[in-house]
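Letter by letter, the chains look like this.
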Number of protein chains: 2
Amino acid sequence: MKAAYYQGNKTFKIGDSQAVAPGPGEVRLDVAYCGVCGTDVHIYHGAMDRRVSIPQVIGHEASAVIAELGPGVEGFEVGQRVAVRPLAPGESSPVDNGCTHIGKNLKFIGIDTPGAMQASWTVPAYTLHHLPESLSLEHGALIEPLAVACHDVRLAMVKPGENVVVIGGGPIGLLIALVAREHGANVLLSEVNTQRLDFARELGLATVNPAKDDLVEAVGKFSGDAMADVVFEVSGTAAGVEAMTKIARVRGRIVMVAIHAQPKPVDLFQFFWRELQLIGVRVYEPEDFDEAIALAAGGKLPLDRVITNVSPLDQVQSVFEQIDQNPAGMKYLLQCQ
Amino acid sequence: MKAAYYQGNKTFKIGDSQAVAPGPGEVRLDVAYCGVCGTDVHIYHGAMDRRVSIPQVIGHEASAVIAELGPGVEGFEVGQRVAVRPLAPGESSPVDNGCTHIGKNLKFIGIDTPGAMQASWTVPAYTLHHLPESLSLEHGALIEPLAVACHDVRLAMVKPGENVVVIGGGPIGLLIALVAREHGANVLLSEVNTQRLDFARELGLATVNPAKDDLVEAVGKFSGDAMADVVFEVSGTAAGVEAMTKIARVRGRIVMVAIHAQPKPVDLFQFFWRELQLIGVRVYEPEDFDEAIALAAGGKLPLDRVITNVSPLDQVQSVFEQIDQNPAGMKYLLQCQ
């Protein structure tokens with residue numbers, strides 16, 4: 001019954017996972033696997049020390065088995081396998097516009113409250129999604145990032161036959177590319193890391209390296225001069241923001257997936273001139289988890305390839321160090337039992 | 001039969017309007033009134049000398065009476081009153097995405113080709129919209145800018161009861177505010193020019209001066225803390241771009257009406273965090289002219305108040321000088337017969 005406590009200063013310490021008895025509407029889980037998110041790496045780097053209580057168990061990309069039901073929980077049974085949608089909406093606010101998944105008082109479980117990098121984890125039952133028997137618990141830990149990709153592709157309204165360019169080939173960019181392909185789009189992945197490019201090509205994706213080739217020309221060639229119906233900006237770079245308006249066709253949709261901590265120059269003239277749209281996207285809604293589970297269970301996504309490494313929880317420190325040293329890595333999972 | 005020729009160097013010269021016999025599919029018009037657009041003022045300031053042939057008759061906000069039909073023109077008769085939608089789409093291109101009104105090979109009549117500041121003007125028949133008898137030719141000259149506002153409100157999908165903030169209270173911002181109000185929205189106009197603020201209030205619009213009062217607080221108060229469902233950025237200023245992301249509610253739509261010649265810093269984090277949307281809008285489509293004509297003919301818009309001044313065409317030089325000296329002015333019309 002271990003837990004990984006983030007201590008600040010790029011340090012985790014292994015301690016005890018304290019089983020918390022589930023209150024009304026809650027469920028206690030035996031966590032199977034917890035994936036490491038870019039946000040977890042951000043926390044590890046100290047970038048979110050003001051938001052995270054220290055010491056804190058972090059992690060929010062979990063698959064689990066139900067260990068105990070709190071009073072009043074219906075629709076779940078002990079022993080069932082689940083994925084966790086780690087959002088606690090909190091009280092609604094007029095500014096929320098009915099969007100509880102990104103409301104003003106939202107708490108992100110695993111950032112604002114204790115997370116999944118531990119053996120025993122107690123969460124509200126409303127966060128749970130059943131995992132079908134055909135889905136392994138390893139793949140179950142990919143449902144959360146896959147739901148991000150499903151949300152982004154859904155809000156982009158990607159249609160079959162559309163030309164889609166994904167700027168940035170990290171885990172989320174790659175999953176977006178794969179989900180968009182499942183939606184019938186022609187997908188081009190733009191990335192500067194050659195290992196990531198190789199990996200994307202191995203998965204059958206068309207790629208371009210904008211550090212080597214002119215991106216606008218490449219998109220023109222890829223699309224028969226139609227340019228991109230949809231652009232996903234997942235790079236978080238000024239170069240990505242500069243490129244996004246250049247490669248979109250008239251009335252193209254640009255989807256802002258990346259977190260740009262500081263304002264960046266945007267070519268607003270192009271938004272006017274070609275009636276472009278920018279669509280902000282964040283986390284997911286329940287239907288995105290449903291789609292992610294259906295896609296993963298359908299077996300067409302190369303999820304085994306997306307998992308770079310699986311390590312026991314007590315190697316958490318080494319796993320975060322590996323991630324820092326291997327920018328081409330995709331998903332690192334921690335085995336939590 | 002006069003025409004106003006733009007000569008460069010902030011100078012117009014009155015010369016002859018040469019009646020051009022209409023070719024196949026064309027119509028020769030007797031121009032009644034031509035409004036002065038912000039773009040015309042830009043041209044006058046020399047900012048578009050690379051695009052405009054000099055000497056050139058400019059102007060594109062026209063009402064007119066049909067004087068002569070070219071071969072093959074159907075649906076129009078000599079003597080009928082019309083407004084002109086001054087767009088010549090040109091050959092379609094794959095990048096156009098079917099949007100002929102903003103296609104790659106679009107020519108804007110009155111900028112790229114001779115315009116309406118003359119007595120006799122020959123244009124393609126497909127640019128014409130009938131004006132009903134109930135609409136004066138003075139109001140007919142407002143149809144083009146009103147169609148811009150209708151287009152912007154339509155693409156913003158403004159719904160009854162929504163809270164709308166218009167940043168910038170010049171002619172287009174004001175028309176957007178009036179059209180959004182007609183669509184049932186609660187409209188707040190943000191403007192720093194006190195004369196424009198007074199004028200907007202006289203028309204019954206709620207206003208805020210962000211140079212005096214905190215805009216975020218004002219929008220909060222106006223909306224019962226719901227903030228803006230829709231923000232129209234019409235100011236063209238960095239302050240407007242900075243404000244637009246602060247006052248939009250979750251999933252708010254920000255409409256980019258203004259022409260920002262240079263890239264400006266945009267708070268992309270807010271697009272992510274609150275799933276905001278940015279919607280670029282430019283000119284209009286035929287249905288926007290139809291709506292503008294219906295709204296104007298309906299008599300509920302205070303169009304008389306929007307017309308600041310009507311002058312004979314041969315006073316064109318003085319009119320442009322007046323506009324430069326009176327930033328609070330709205331629409332200046334030139335009488336072209």
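It should be noted that the structure appears before, not after, this text.
Described below are features of the structure shown in this document. (Residues numbered from 1 in each chain as written. Chains lettered and ligands numbered in written order. Predicted model: local features only at pLDDT ≥ 70, side-chain atom pairs only at ≥ 80, totals over all residues. Heavy atoms only, no water.)

**Observations regarding the overall build of chain A**
Cut-off, in case you're wondering: Strands here mean DSSP runs of E at least two residues long; helices mean DSSP runs of H or I at least four residues long; both are numbered from the N terminus. Radius of gyration here is computed from C-alpha atoms only, and the compact-globule reference equals 2.2 Å multiplied by the residue count raised to the power 0.38. The buried label goes to any residue with under 20% of its type's maximum accessible area, the exposed label to any with over 50%, and the partly exposed label to all in between, with areas taken from a 1.4 Å probe on protein chains only. Contacts were defined at the residue level, with two residues in contact if any of their heavy atoms lie within 4.5 Å. Every accessible area reported is derived by Shrake-Rupley at a probe size of 1.4 Å, with residue values counting cover from the shown protein chains alone. Positive charges come from Lys and Arg, negative ones from Asp and Glu, while His and the chain ends are left out of the count. All charge positions are set by atom: Lys at NZ, Arg at CZ, Asp at CG, Glu at CD.
Scanning chain A from N- to C-terminus turns up 11 helices and 19 strands. By the compact-globule yardstick of 20 Å for 337 residues, chain A fits well, its C-alpha radius of gyration being 20 Å. Expressed as lengths along the three principal axes of its C-alpha atoms, the size of chain A is roughly 60 × 45 × 40 Å. Relative to its full complement of 337 residues, chain A shows a buried share of 58%. Within chain A, contacts between residues at least 6 apart in sequence are counted, and of these 69% link residues at least 24 apart. Total accessible area on chain A is roughly 13000 Å²; 50% of this is exposed by carbon and sulfur atoms. Here chain A contributes 27 positive and 39 negative side-chain charges, whose respective centroids are spaced 4 Å apart.

**Topic: the sheet that holds strand β1 (residues 2-8) of chain A**
Residues and elements named next belong to chain A. Just so we agree on the cut-off: Note on pairing: DSSP must find at least two bridges between two strands before they are called paired. A fitted line through C-alpha atoms represents every axis, and for helices the fit uses only the stretch in contact; the resulting angles, taken between N-to-C directions, go from 0 to 180 degrees.
The strand order across the open sheet built from three strands is β2-β1-β4, with neighbouring strands paired in antiparallel fashion. Bordering the open sheet on either side are β2 (11-16) and β4 (56-57), each of which pairs with just one other strand. Two elements, β1 and β4, share two bridges in a ladder whose sense is antiparallel. Paired with Tyr 5 across the two strands is Val 57, which belongs to β4. Strands in contact with helix α11 (residues 316-325) are β1 and β2; relative to β2, the strand with the most contacts, it is inclined by about 155 degrees.

**Comments concerning the relation of the copies chain A and chain B**
The condition that has to hold: Each copy is superposed on the other by least squares, with the fit set by C-alpha atoms of residues at a pLDDT of at least 70 in both.
Laying chain A over chain B is done by rotating through 180 degrees and shifting 0.0 Å along the axis; what remains is an RMSD of 0.0 Å. Given the turn and translation reported, the copies of this chain are related as if by a two-fold rotation axis. For chain A, the smallest separation between a C-alpha atom and the rotation axis is recorded for Pro265(A), amounting to 2.0 Å. Both copies share a contact surface, since 100% of the interface residues of chain A are interface residues in chain B too.

**Focus: the pattern of salt bridges**
Here is the rule: We count a salt bridge whenever a side-chain nitrogen from Lys or Arg sits within 4 Å of a carboxyl oxygen from Asp or Glu.
One pass over the full model with this rule turns up 36 salt bridges over all chains. Arg305(A) is paired through a salt bridge with Glu202(A); the nearest N and O atoms lie 2.5 Å apart. Of this pair, Arg305(A) sits in helix α10 (residues 303-306) while Glu202(A) sits in helix α5 (residues 194-202), and the two are 103 residues apart along the sequence. Take Arg305(A): its relative accessible area is 39%, and that puts it in the partly exposed class. A salt bridge links Glu68(B) to Arg28(B), with the shortest nitrogen-to-oxygen separation between them at 2.8 Å.

**Quick notes on the packing of helix α3 (residues 143-155) of chain A against helix α4 (residues 171-182) of chain A**
In a pair of packed helices, the angle between the axes and the distance between the axes together describe the arrangement. Residue and element names in this part refer to chain A. We count it as follows: Any angle that is under 35 degrees is reported as roughly parallel, and any over 145 degrees as roughly antiparallel; angles of 65 to 115 degrees are reported as roughly perpendicular and all others as oblique. Crossings are classed by handedness, with left-handed meaning an anticlockwise turn of the near helix from the far one by less than a right angle and right-handed meaning a clockwise turn.
Contact geometry of α3 with α4 gives a least axis separation of 8 Å together with a crossing angle of 55 degrees. With respect to α4, the axis of α3 lies oblique. Remark: the crossing between α3 and α4 carries right-handed chirality. Residues Pro 145, Leu 146, Val 148, Ala 149, Cys 150, Asp 152 and Val 153 of α3 form the contact with α4, whose participating residues are Ile 172, Leu 175, Ile 176, Val 179 and Ala 180.

**Focus on the interface of chain A and chain B**
To be explicit about the condition: In short, buried area is how much 1.4 Å probe accessible area vanishes from two parts on joining, totalled over both. Nitrogen and oxygen atoms within 3.5 Å of one another constitute a polar contact, given that in protein one can donate a hydrogen and the other can accept it, and given that sequence-neighbouring residues count only through two side-chain atoms. Amino acids outside the nonpolar list (Ala, Val, Leu, Ile, Met, Phe, Trp, Tyr, Cys, Pro) and the charged list (Asp, Glu, Lys, Arg) are all regarded as polar, and Gly is one of them.
Contact with chain A, which involves 44 residues of that partner, is made by 44 residues of chain B. Counting the surface lost from both chain A and chain B, the interface buries some 3900 Å², and carbon and sulfur atoms represent 62% of this. Counting across the chain A and chain B interface gives two salt bridges. Here Arg251(B) and Glu285(A) are joined by a salt bridge, their closest N and O atoms 3.0 Å apart. Put simply, chain A and chain B have 23 residue pairs in polar contact (both at pLDDT 80 or more) between them. Looking at the side of chain A that touches chain B, the elements with two or more residues in it are α3, β15 (248-256), β16 (264-266), α8 (268-273) and β17 (277-280) of chain A. For the side of chain A that touches chain B, the per-class residue count stands at 25 nonpolar, seven polar and 12 charged. Relative to strand β17 (residues 277-280) of chain B, β17(A) runs antiparallel, the two being bridged by three bridges. The partner of Ile279(A) across the bridge, within β17(B), is Gln277(B).

**Some words on the packing of aromatic side chains**
Put simply, the test is: When two rings of Phe, Tyr or Trp (its six-membered ring) have centres within 6.5 Å they constitute a pair, described as stacked for plane angles under 30 degrees, edge-to-face for angles over 60, and tilted for the intermediate range.
Within this structure, the stated rule accounts for 16 aromatic pairs over all chains. Where Tyr284(A) meets Phe289(A), the ring centres are 5.0 Å apart and the plane angle is 85 degrees; that geometry is what we call edge-to-face. For the pair Tyr284(A) and Phe289(A), a shared accessibility class is recorded, and that class is buried. Seen in terms of ring centroids, Phe269(B) and Trp273(B) are 5.4 Å apart; in terms of plane orientation they differ by 20 degrees. Their pairing is stacked.

**Remarks on the pairing of β17(B)**
Sheet analysis places strand β15 (residues 248-256) of chain B next to β17(B), joined by four bridges and oriented parallel. What sits directly across from Met256(B), in β17(B), is Gly280(B).

**Digging into the pairing of strand β19 (residues 331-335) of chain A**
Regular strands place their side chains on alternate faces of the sheet. Residues and elements named next belong to chain A. Applicable threshold: Handedness of a crossover is defined as follows: with both strands directed away from the viewer, a clockwise route from the first strand across the helix to the second makes it right-handed.
In terms of burial, β19 is a largely internal element, four of the five residues being buried. Here strand β3 (residues 26-35) runs beside β19; their pairing, made up of three bridges, is antiparallel. Opposite Cys 34, over in β19, you have Leu 334 as the bridge partner. The sheet contact formed by strand β18 (residues 307-312) and β19 spans five bridges and is parallel. Across the sheet, residue Ile 307 finds its bridge partner in β19, namely Lys 331. Crossover connection from β18 via α11 to parallel β19: handedness right-handed.

**Here we look at the side chain of Ser17(B)**
Residues and elements named next belong to chain B. Looking at where Ser 17 falls in the secondary structure, it is placed in the loop between β2 (11-16) and β3 (26-35). A residue is classified by how much of its surface remains accessible, and Ser 17, at 6% relative accessible area, is buried. Apart from residues lying up to four places away in sequence, Ser 17 is in contact with Met 1, Lys 2, Ala 3, Gln 118, Ala 119 and Ser 120.

**Observations regarding α11(A)**
All names here are of chain A. What counts, and what does not: An arc is given here, and it is the one of the directions from the helix axis to the C-beta atoms.
Listed in full, the buried residues belonging to α11 are Val 316, Val 319, Phe 320 and Ile 323. Axial view of α11: buried residues confined to an arc of 95 degrees, hence all on one face. Buried residues along α11 sit against β1, β2, α1 (38-44), β18 and β19.

**Points about the state of the cysteines**
Residue and element names in this part refer to chain A. Our working definition: Any two cysteine sulfur atoms lying within 2.5 Å of each other are counted as a disulfide.
One pass over the full model with this rule turns up zero disulfides over all chains. With no disulfide partner, Cys 34 has as its closest neighbouring cysteine sulfur the one in Cys 336, 5.5 Å distant. By relative accessible area, which is 0% here, Cys 34 ends up buried. No disulfide involves Cys 37; its nearest neighbouring cysteine sulfur is the one of Cys 34, lying 9.5 Å away.

**Notes on the environment of Ala177(A)**
All names here are of chain A. Mapped onto the elements of the fold, Ala 177 is located in helix α4. The exposure class assigned to Ala 177 is buried, which follows from its relative accessible area of 0%. Once the C-alpha coordinates of Ala 177 and Val 187 are considered, the two residues, 10 residues apart in sequence, prove to be 6.3 Å apart. Dropping the residues within four chain positions of it, Ala 177 is found in contact with Val 166, Val 187, Leu 189 and Leu 205.

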